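# What the coordinates show
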Amino acid sequence: MLTISTDVWYKFLQIARIAQQQYKSEVQWWGRVHKEDSKLIVVDYAIPHQLVREASVDTTVEQLLQLRQELLSLKSGMTIEEIEAANKTNEEWCLWVHSHVTMGAFYSGTDTSTLHDLALATKRPHFGLVLNVKGESKLFLGVPIMGIAKVYEIDKLEVVTSSEVDADLLTLVQSRVTKYNPPPLPLFRLPSCSIRECG
């Protein structure tokens with residue numbers, strides 16, 4: 001079972017709410033999971049640079065994996081291969097979180113595919129958490145099994161809500177998230193002519 005402290009959960013909700021208020025969009029980030037005896041506890045988070053749209057985030061699995069490797073290397077001074085080969089750590093960046101803004105908390109086909117690809121690429125289980133600004137959430141687990149990956153819904157999390165916005169978190173989200181703005185449509189002009197000229 002995955003446990004998220006009230007403080008970390010509050011930060012997760014704030015990230016989703018900031019993205020909604022600032023960009024009217026989804027947002028995604030990593031959570032670091034600490035293993036303590038038989039418990040798995042989310043203890044930290046990191047937000048990748050990303051381009052966001054109302055109902056999607058333009059970050060590839062490769063970009064998520066690159067951030068994961070950077071986070072692992074910073075934590076221990078080892079490469080991802082060295083960490084996983086040595087298996088000396090009780091912590092891992094293995095929780096992929098994203099918001100659904102005001103939509104329900106569910107796993108879409110794209111979400112399932114991303115979690116599937118993360119589990120396959122790392123050959124390790126990954127949790128996937130989707131939440132919305134109302135505090136609804138769904139937790140999933142992607143498990144690699146003999147060259148394929150299966151995604152399972154494993155639990156629903158309860159939420160502690162608050163309307164206060166953390167100023168440091170607001171600055172962090174604003175530095176990492178960019179709203180997609182489509183280019184303006186070209187204007188078509190009708191020829192300026194009199195009725196006789198255009199006949």
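As the structure is a computational prediction, the values presented were derived from the model and not from experiment.

## Some details on the packing of aromatic side chains
Per the counting criterion, the structure on display carries four aromatic pairs. An angle of 25° between the planes, with centres 4.0 Å apart, marks the rings of Tyr-107 and Phe-140 as stacked. Residue Tyr-107 is located in the loop between strand S6 (91-99) and helix H4 (109-122), and its partner Phe-140 is located in strand S8 (residues 137-145); the two are separated by 33 residues in the primary sequence. Like Tyr-107, the residue Phe-140 is buried in the burial classification. Grouped by ring-pair contacts, the aromatic residues Phe-12, Trp-29 and Tyr-45 constitute a single cluster.

## Regarding the nonpolar core
Counting residues in each nonpolar core, the largest one holds 31 residues, and the members touching the most others are Phe-12, Trp-29, Val-42, Leu-95, Leu-129 and Leu-131. Looking at this core, the elements with two or more residues in it are strand S1 (2-4), helix H1 (6-23), strand S2 (28-36), S6, strand S7 (126-131), S8 and helix H5 (167-176). The leading source of residues in this core is H1, at nine residues. Counting 14 residues, the second-largest nonpolar core is a separate cluster that includes Leu-71, Ala-105, Leu-118 and Phe-140.

Here is what the cut-offs are and how they apply
Residues numbered from 1 in each chain as written. Predicted model: local features only at pLDDT ≥ 70, side-chain atom pairs only at ≥ 80, totals over all residues. Heavy atoms only, no water. Phe/Tyr/Trp six-rings, centres within 6.5 Å; stacked < 30°, edge-to-face > 60°. Helix = DSSP H or I, 4+ residues; strand = E, 2+ residues; numbered from the N terminus. Buried < 20%, exposed > 50% of the residue type's maximum accessible area, 1.4 Å probe, protein only. Core = buried A, V, L, I, M, F, W, Y, C linked by side-chain atoms within 4.5 Å.

Note that all results are geometric; they support no functional claim without further evidence.
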